[in-house]
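Residue-level listing of the chains:
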Amino acid sequence: MNFINGKTKPLAIIGYPVGHSLSPLMHNIFFQFLGLNNVYIPLEIKPGHLQAAIEALWTLGFMGANITIPYKEEVIPLLPEISSEAELIGAVNTLVRKENGFRGHNTDGQGFLKALSIEKGWEPHGKKVVILGAGGSARAIGISLALKGAHKITIINRNLLRARGITEIVEKQIGVHGEIFGWNNPMLERVIREGDIIINTTPLGMNPNINEIPPLDTKWLSPSQLLVDLIYNPLETRLMKEAKAQGCQVSNGLGMLIYQGVLSFKLWTGQEPPLENIRETLEKYLNKV
Ligand code: NAP
């Protein structure tokens, strides 16, 4: 067991709210296991105070941080440099302390891909991707899938302008074909049937609204498809249950949560965190709260 002392280097997650975050539990387990003298704390920063918070992290010697909703975009102008992937995605979820300030990275999309590769043996090259929703996580995932050689990125969303924002980057800056559809488009059935992977990035089905489901007919899904729901509370959403009944392989959002954290941890420490039992520990925690 490590004890906090004068040499302990702190890290934090900054967001509003952050009370629900599993990252402090996960990273503190990693630090304890590896015997590193670090501590990771949740910091709830009220809107309007982000700049002061980043300056305070720097002054107080924080080694790094995760940035979560609603600050992933707002933090960018406060940083001296960001990675090229974070630049393309337009959002930062990880800060790493450097000589002249914090460098911004985005590990969300890579974490999503690593989870599918390790847990499902799924690789993006040549695949037709269908993403439900066009928010921050859809953007990170869509751009990372395109960078890794996906054949086509199709976005289904209420707000078509937001969806277009993602496909424009995918097409113009990465050279991968992109399509957008509204939920009422008569082509929706064909688009869903054609996808190799269907990824729900909307909050529909998240606790406490566990009976909600994205507005598509799950009878369109088939056993050759992988259905991923970014939600992890509940661990199995209604969409996942219905997709399983159609014979699809399914996955929840815990893998993405774990592997975006693994990639952040490696950026901070240069070390590989221990992953034995981490999924079970997080599942047990989620079953209790
Ligand atoms: P976000 O930026 O707020 O985007 C949410 C998207 O969902 C938007 O495109 C929105 O559509 C759509 N949406 C919301 N309510 C809807 C409704 N009633 N009907 C149809 N579409 C609806 O959120 P985010 O950061 O991308 O996160 C989205 C989900 O992913 C959340 O459930 C979050 O918990 C989960 N997540 C999981 C992880 C993980 O590690 N597993 C990481 C990040 C996020 P409009 O654009 O039309 O408004």
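Right, let's walk through the structure included here. Values in this document were obtained by computation on a predicted structure and should not be read as measured data. (Residues numbered from 1 in each chain as written. Predicted model: local features only at pLDDT ≥ 70, side-chain atom pairs only at ≥ 80, totals over all residues. Heavy atoms only, no water.)

Surveying the vicinity of the ligand reveals 21 residues, the closest of which are Ala134, Ser137, Asn157, Arg162 and Gly253. Interatomic distance of 3.0 Å between a backbone N/O atom of glycine 136 and an oxygen atom of the ligand. Relative to its unbound accessible surface of 920 Å², the ligand loses 77% to contact with the protein. (Near = heavy atom within 4 Å. Polar contact = N/O pair within 3.5 Å; in protein donor to acceptor, adjacent residues only side chain to side chain. Areas by Shrake-Rupley, 256 points an atom, 1.4 Å probe, with all protein chains shown as cover.)

Attention now moves to helix α2 (residues 50-59). For α2, every residue scored as buried is listed here: Leu50, Ala53, Ile54 and Leu57. Around the axis of α2, the buried residues are gathered within 95° of arc, so they sit on the same side. Contacts from the buried residues of α2 go to β1 (9-15), β2 (38-44), β3 (64-67), β5 (94-98) and β6 (101-105). A positive backbone phi angle near 80° is found at glycine 61, which sits one or two residues after α2. (Buried < 20%, exposed > 50% of the residue type's maximum accessible area, 1.4 Å probe, protein only. Helix = DSSP H or I, 4+ residues; strand = E, 2+ residues; numbered from the N terminus. Arc of directions from axis to C-beta. Contact = heavy atoms within 4.5 Å.)

Within the secondary structure, isoleucine 131 is located in strand β7 (residues 128-132). Exposure remark for isoleucine 131: the relative accessible area of 0% places this residue in the buried category. Each C-alpha atom of the pair isoleucine 131 and isoleucine 180 lies 9.6 Å from the other, and the pair is 49 residues apart in sequence. Apart from residues lying up to four places away in sequence, isoleucine 131 is in contact with Ala138, Ile141, Gly142, Ile153, Thr154, Ile155, Ile156, Ile199 and Thr201.

Turning next to the sheet that holds strand β8 (residues 152-156). The sheet built from six strands is open, its strands ordered β9-β8-β7-β10-β11-β12 with parallel pairing. Whereas interior strands pair on both sides, the edge strands pair on one side only; in this sheet they are β9 (177-181) and β12 (249-251). Pairs of neighbouring strands in the sheet enclose a mean axial angle of 15°, with direction left out of account. As defined by bridge partners, β7 adjoins β8 across five bridges and the pair is classed as parallel. Counterpart to valine 130 in the pairing with β8 is threonine 154. Along the sheet, helix α5 (residues 136-147) makes contact with β7, β8 and β10 (197-200), crossing β7 at roughly 175°. (Pairing = 2+ DSSP bridges. Axes fitted to C-alpha atoms, helices over the stretch in contact; angles between N-to-C directions.)

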